[in-house]
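Summary of structural features
Residues per chain, in single letters:
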Amino acid sequence: MDGMLSQEEINALLGNMGSGDSVPADSSTGSSEDALTPEEIDAIGEISNICMGTAATTLYSLVNQKVTITTPSVSISTWDELVADYEKPCVFITISYKEGIDGNNVLILREDDVKVITDLMMGGDGTNLVDELSDIHMSAICEAMNQMMGSSATSLSSMLNTKIDISPPSADLVNLIDKIDESVVGSFHNSNFVKVYFKMEIGDLVDSSIMQLYPIDLARDLFGKFVSSQDGEEPTPAAPATPAPSSATEPQPAPQAATPPPMAQPAMGQAASPPMGQPMAYNYAPPPQDVNARPVEFQPFNMGINPITQQENIDLIMDVPLEVTVELGRTSKSIKEILEFAPGTIIELDKIAGEPIDVLVNGKLVAKGEVVVIEESFGIRVTEIIKQQ
């Protein structure tokens, strides 16, 4: 009939009336036990925003590209929603806390984003992408995440007023539609979790997203520690209240008016006594004194001294040891090329055959020379002394 509610609609209305301030539970968020209050969601968003901002600064130093990570979006999600919304395959980075917090969370990166980040870390320009991620790429992204989440743990420690430490992250390439490996995804595939979604840009190479997953229990634990740290900082504003006792010692207007100021004899430079009931004004001026002042005189500089003729006691530093280094040549290699070094690899230097060898003292070039053999040892015959400009 028109205007009548069905039994399902009535049940839904009655269920929502008892939910209070909590996020309502439905088929996408699970039961009400897994729902978070708006205060908890806001706190998780604030914590993630500060931690990921610190991680973005660390990533910038690793890839030498501008890294922008936007304000996060926090929601309760399920594994089915994650599989439907995110690109496949992707890289799961598991971060386990070993001190301060009990639990772990997961960062999810797109496979192509990992290829760009690792190529930049290995000295590339971010465009020479491989077809498949190798063990070297997975190790590189683990190192990047280790430094990023290490800096995030430092920010989290300052925020929660407690020491936070993490274990080295582990990275796995996961195809979300394949059979689930519980050792990689943990319990996220069979229970609701907190999903924190960020937009991530790396220069002109990456315009993508990154997700961070928290178990419900870990999110509530973070919220509890966050609230406790905020409560612990409440007494600090009370410090400016120390001047309060001075207000009690200030003279009250009524007694001051009732007690007339004492009469005193006028002193030199002092104004005459005012009428009764008005405060006396004192303008004391000391008696004039005779001051013997004369212009300052400076001793003239002795321009006849020649610094070259001065005796320098250089014997005091004759026994100071200095490190002498003979440099055959230099070159520059990327991380990828260095990892390919093996016995028999030939490294080409920037020196031409027959060119003089550099002699450095404590890292400073002082001379050039040629290589000689003295009995069974190499030596250097100095051929030129580098004059200081």
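These numbers come from a predicted model, not from an experiment.

Here we come to the layout of surface pockets. Taken as a whole, the largest pocket spans an internal volume of roughly 240 Å³. In terms of lining, the largest pocket is formed by 15 residues, of which the most central are Asp119, Met122, Val130, His137 and Lys336. Going through the elements one at a time, α4 (111-121), α5 (135-160) and α10 (335-339) are the ones with two or more residues in the lining of the largest pocket. Looking at the lining of the largest pocket element by element, the count peaks at 3 residues for α4. Among the residues making up the lining of the largest pocket, the classes are represented as 5 nonpolar, 6 polar and 4 charged.

Attention now goes to empty space enclosed by the protein. One pass over the structure, following the stated rule, counts 1 cavity of 30 Å³ or more. Looking at the largest cavity, its volume works out to about 90 Å³. What lines the largest cavity is Ile47, Cys51, Ile95, Tyr97, Met149, Ser152, Ala153, Leu156, Ile166, Gln212, Tyr214 and Leu222. Residue assignment for the lining of the largest cavity shows that the elements contributing at least two residues are α2 (38-63), β3 (90-99), α5 and β8 (206-215).

According to the stated counting rule, one finds 1 aromatic pair in the structure shown. Ring centres 6.2 Å apart and planes at 55 degrees place the aromatic pair Trp79 and Phe92 in the tilted group. With Trp79 in helix α3 (residues 79-85) and Phe92 in strand β3, this residue pair connects regions lying 13 residues apart in the sequence. You can call Trp79 buried: its relative accessible area is 7%.

On to the pattern of salt bridges. Applying the stated criterion across every chain, the model contains 8 salt bridges. Close ionic contact of Asp207 with Lys199 constitutes a salt bridge, the shortest N to O distance being 3.7 Å. On the basis of relative accessibility, which here comes to 36%, the residue Lys199 falls in the partly exposed class. Between Arg381 and Glu370 there is a salt bridge, with its nearest N and O atoms 2.7 Å apart. Linking Arg381 in strand β12 (residues 377-385) with Glu370 in strand β11 (residues 364-374), this pair joins segments that are 11 residues apart in sequence.

Here we come to a nonpolar patch on the surface. A contiguous nonpolar patch, built from Ile314, Leu316, Ile317, Met318, Val320 and Leu322 and spanning about 640 Å² of accessible area, is present on the exposed surface. Checked against the element boundaries, Ile314 lands in the loop between α9 (253-258) and β9 (324-327).

Even without being a glycine, Asn64 presents a positive backbone phi close to 55 degrees. Within the secondary structure layout, Asn64 lies in the loop between α2 and β1 (67-69). Although it is not a glycine, Glu375 sits at a positive phi angle of roughly 55 degrees. Relative to the elements of secondary structure, Glu375 occurs in the loop between β11 and β12.

Spatial ordering of the open sheet is given by β9-β10-β11-β12, a layout of 4 strands whose pairing is antiparallel. Single-partner strands in this sheet number two, and they are β9 and β12. Looking at each pair of strands side by side, their axes are set apart by 40 degrees on average, direction ignored.

Structurally, Ser208 is set in strand β8. Polar contacts involving the side chain of Ser208 include one to the side chain of Arg110, which spans 2.8 Å. In this structure Ser208 touches Arg110, Asp113, Phe198, Lys199 and Met200, once residues within four positions along its chain are discounted.

Analysis parameters
- Residues numbered from 1 in each chain as written.
- Predicted model: local features only at pLDDT ≥ 70, side-chain atom pairs only at ≥ 80, totals over all residues.
- Heavy atoms only, no water.
- 1 Å grid on protein atoms, 1.4 Å probe; cavity = no way out; pocket = protein on both sides within 12 Å on 5 of 7 lines; lining within 4 Å.
- Points joined across faces, edges and corners; volume = space filled by probe spheres on them.
- Helix = DSSP H or I, 4+ residues; strand = E, 2+ residues; numbered from the N terminus.
- Nonpolar A, V, L, I, M, F, W, Y, C, P; charged D, E, K, R; others polar.
- Phe/Tyr/Trp six-rings, centres within 6.5 Å; stacked < 30°, edge-to-face > 60°.
- Buried < 20%, exposed > 50% of the residue type's maximum accessible area, 1.4 Å probe, protein only.
- Salt bridge = Lys/Arg side-chain N within 4 Å of Asp/Glu carboxyl O.
- Patch = residues over 30% accessible without salt bridge, like charges linked within 9 Å, V, L, I, M, F, W, Y side chains within 5 Å.
- Areas by Shrake-Rupley, 256 points an atom, 1.4 Å probe, with all protein chains shown as cover.
- Pairing = 2+ DSSP bridges.
- Axes fitted to C-alpha atoms, helices over the stretch in contact; angles between N-to-C directions.
- Polar contact = N/O pair within 3.5 Å; in protein donor to acceptor, adjacent residues only side chain to side chain.
- Contact = heavy atoms within 4.5 Å.

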